[in-house]
Every structure is written in C-alpha cells, then in structure tokens.
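# Remarks on the overall topology
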2 protein chains.
Amino acid sequence: MGIFSKTCEYAMRAVFFIAHRTAEGGKVGIKEIAEGIDSPEHFLAKILQDLSRRNIVKSAKGPNGGFYMDNISLKRRLSEVVEAVDGNGLFTGCGLGLHYCSETNPCPLHNEFKVIRNQIFNMLQNTTIEDFNEDLNLGITSLKK
Amino acid sequence: MGIFSKTCEYAMRAVFFIAHRTAEGGKVGIKEIAEGIDSPEHFLAKILQDLSRRNIVKSAKGPNGGFYMDNISLKRRLSEVVEAVDGNGLFTGCGLGLHYCSETNPCPLHNEFKVIRNQIFNMLQNTTIEDFNEDLNLGITSLKK
DNA sequence: ACAGATAAAGATAAAAAACTCTTAATTTTA
DNA sequence: TAAAATTAAGAGTTTTTTATCTTTATCTGT
C-alpha cells in the first residue's frame, strides 16, 4: 500500500476532479466523479459526504445538484484533505509507531524519519487544490488512463 | 496510520532489537523481543517466521535457541526489511494510487510525490540494520518507553 | 533416549478498512 | 403539488489487517 489510505487517495482524486470540472461554476454528480476518477461510486459517496460535512467540498441536492467548490474550498491545502480523511498521524507520528517517541526520547529512526515527515507535510501544506487545475486543464496531468 | 503498516513497524523494531541484543553472539527469544518492543507475542512470531524465511533474521530452535543476526543480516538495508513486509509499493507506487501514473502519463501529484518517494527510498536504502546499534547502545535512542 | 525449551506452522478470531445496497431527505422544474 | 433528480444517511457485506491460540517440529543437555 501507499502512504495514504485508499479512502484518502479517492478523496484527493475527487477534489482534484471536482475542482477541475466545476471551474466555470457548474456542479458535477457523484456518478460522473466516480467514473472520472475510477472509484467505487457508493464508497466515494460516503467519502464526499464526509468532505462535504467538513466543508472541504460543497454539495447541492436535487436536479442540477452535485458537488462543487467555492473559493474557500479551492484555496484549501491538500494537507487539509489528508488530515480530514487520514488524520494527522502522517504529519506527527513516529516512523516505528512508538507513541512515546519524541525529540527528547527518540526511536532509532527518529531523526531520519523526521526529515521525511516534514517534507510530506510541507508538500501537502504548500499546495492548494486549485494549484493542480492548470496542469489538468492543459492535459499535462490526468486522473484516469 | 503511519506510512508503514503495523506489521512493518513491528518488523523494524524487532530487527533493531535483535541486532542490539545479540551483538555479542547470543540469541534472544520471541517472548523477550515482544516484551522489548511492546508488540503482541504471537503476531510478532509470525512476522519473524517470515523474516527468517527471507533470511533477514536468523533463528535456531531448541534450548538456547532464539533469533539472532549474522553478518549478512546486520548489513541488510532497512529498505530490504520494508520491502519484505510491505512490498515495494512505497518506493514505486503513485501517491494517488493510480496504476498508470508514470513519467509520461503523470497524475497531478506525480512530480511532488516523486521527490518524497525517492527520499523515503534513499533513507531506507542508505541505512543498514547495524547502523542503529550504536545509538541504542549509548541509550540515545530506545525501542520502549 | 528423554525431557524441556524453543521456533514453525496451522487454524481461528477480532477489528478495521473497503465496498455495496436501500431508503430518506432535499431541491428543482413542470 | 407532483415527479424526477440528486445528495445524505443508515444498514449491511466483504476483504484485509491485526491478533490469538493450539499443535507440531526441532534442537540441546543430561
């Protein structure tokens, strides 16, 4: 498995997709998102429900409803998405899973791991959802084969 | 959860512990290891069975038996332990979990993630099990509260 | 050769994560 | 106001991960 949970992978792909597809003020339905990012529809629905509750994406019911993002959502950092789904263990936890591990009582991997952990955090912290739109628009990056 | 599976965390802690405790040619039993790294004994037994089959640790049955490491084991890189347990997805996989993602068909996170992934790999690749012994010996690092 | 100590193996169980299905609530539009 | 479209919510199911328990095989010392 990767460094993020599957749920988190779907979440990230979904926010990228929604941001990309609703840049002009539209909305996009769950079916289309699931299809667009190749994820199980009902499972993704649960994830988006949660992201919606946490205000990371916006949603509207009824005809012409769907998911979209407002300016606040677009400016959210990727770290906020990850934290909402996987918690902050990735940013703060010990590489060996030791609870007590800290600067003053480090595990053997502590110093090496700290560097990695901080870089993961920085990467996610320094990028907002909308940052990824340009490359998606240009077709430089993609979310599906 | 962290970036490694729990199984992998136990595995790394165990090899550090074994290396540390058998530096003078002894052996150490499963009960003592489990206690020493605060892991469930029977579960750890399974993990060590596996690491033993893969020659990452050595084992001997019978009285005065237990786990230990020979020179080859001590020189193994941490990346070998991680790969044995969690596979190489951590070193090669896409951050968003997309199978097709590659240099020529990158996902939105590809370039940012690549850096992280390589650093994780380098960290694990550049350290051998025995590298961690000194600090454990000096009491600078620890595997249990 | 026997008793005891130990890891190996196998079978099972519990918990968590991933996934599915059904129903309810909300909104729009005719 | 009724029908249709859509997300929200709830209640499962399946799969994977983590953990436990029991039995077997192997080794050592006497």
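Quick caveat: nothing in here was measured; it's all calculated off a predicted structure.

What follows is about the packing of aromatic side chains. Residue and element names in this part refer to chain A. As enumerated under the stated definition, the model contains eight aromatic pairs over all chains in all. When the centroid spacing of 5.9 Å and the interplanar angle of 85° are considered together, the rings of Tyr10 and Phe43 count as edge-to-face. With Tyr10 in helix H1 (residues 6-21) and Phe43 in helix H3 (residues 41-53), this residue pair connects regions lying 33 residues apart in the sequence. Classification of Tyr10 as buried rests on a relative accessible area of 10%. Lying over the aromatic face of Tyr68, Lys27 brings its terminal NZ or CZ to 5.7 Å of the ring centre.

Below, the discussion takes up the protein's contact with DNA strand D. Lining the immediate surroundings of DNA strand D are 26 residues, of which Lys46 and Ser59 of chain A together with Thr7, Pro40 and Pro63 of chain B lie closest. When atoms of DNA strand D within 4 Å of the protein are sorted by moiety, sugar and phosphate together comprise 60%. Separating a phosphate oxygen of DNA strand D from a side-chain N or O atom of Arg53 of chain A is a distance of 3.3 Å. Note that a sugar or linking oxygen of DNA strand D is positioned 3.4 Å from one of the side-chain N or O atoms of Lys61 of chain B. Elements represented by at least two residues in the surface near DNA strand D include exactly H3, strand S1 (58-60) and strand S2 (66-68) of chain A together with helix H1 (6-21) and helix H3 (41-53) of chain B. The greatest single-element share of the surface near DNA strand D, amounting to four residues, is contributed by H3 of chain A.

All right, on to the interface of chain A and chain B then. Across the contact, 36 residues belong to chain A and 37 residues belong to chain B. If you sort the residues of chain A by the area they bury against chain B, Ile3, Leu96 and Pro108 of chain A come out on top, with a joint share of 17%. Linking chain A with chain B are zero salt bridges. Our enumeration of links across chain A and chain B arrives at 13 residue pairs in polar contact (both at pLDDT 80 or more). Here the side of chain A that touches chain B gets six residues from one element, more than from any other, and that element is helix H7 (residues 110-125) of chain A.

What counts, and at which threshold
- Residues numbered from 1 in each chain as written.
- Chains lettered and ligands numbered in written order.
- Predicted model: local features only at pLDDT ≥ 70, side-chain atom pairs only at ≥ 80, totals over all residues.
- Heavy atoms only, no water.
- Phe/Tyr/Trp six-rings, centres within 6.5 Å; stacked < 30°, edge-to-face > 60°.
- Helix = DSSP H or I, 4+ residues; strand = E, 2+ residues; numbered from the N terminus.
- Buried < 20%, exposed > 50% of the residue type's maximum accessible area, 1.4 Å probe, protein only.
- Lys NZ or Arg CZ within 6 Å of the ring centre and 35° of its normal.
- Near = heavy atom within 4 Å.
- Polar contact = N/O pair within 3.5 Å; in protein donor to acceptor, adjacent residues only side chain to side chain.
- Contact = heavy atoms within 4.5 Å.
- Buried area = accessible area lost by both parts, 1.4 Å probe.
- Salt bridge = Lys/Arg side-chain N within 4 Å of Asp/Glu carboxyl O.

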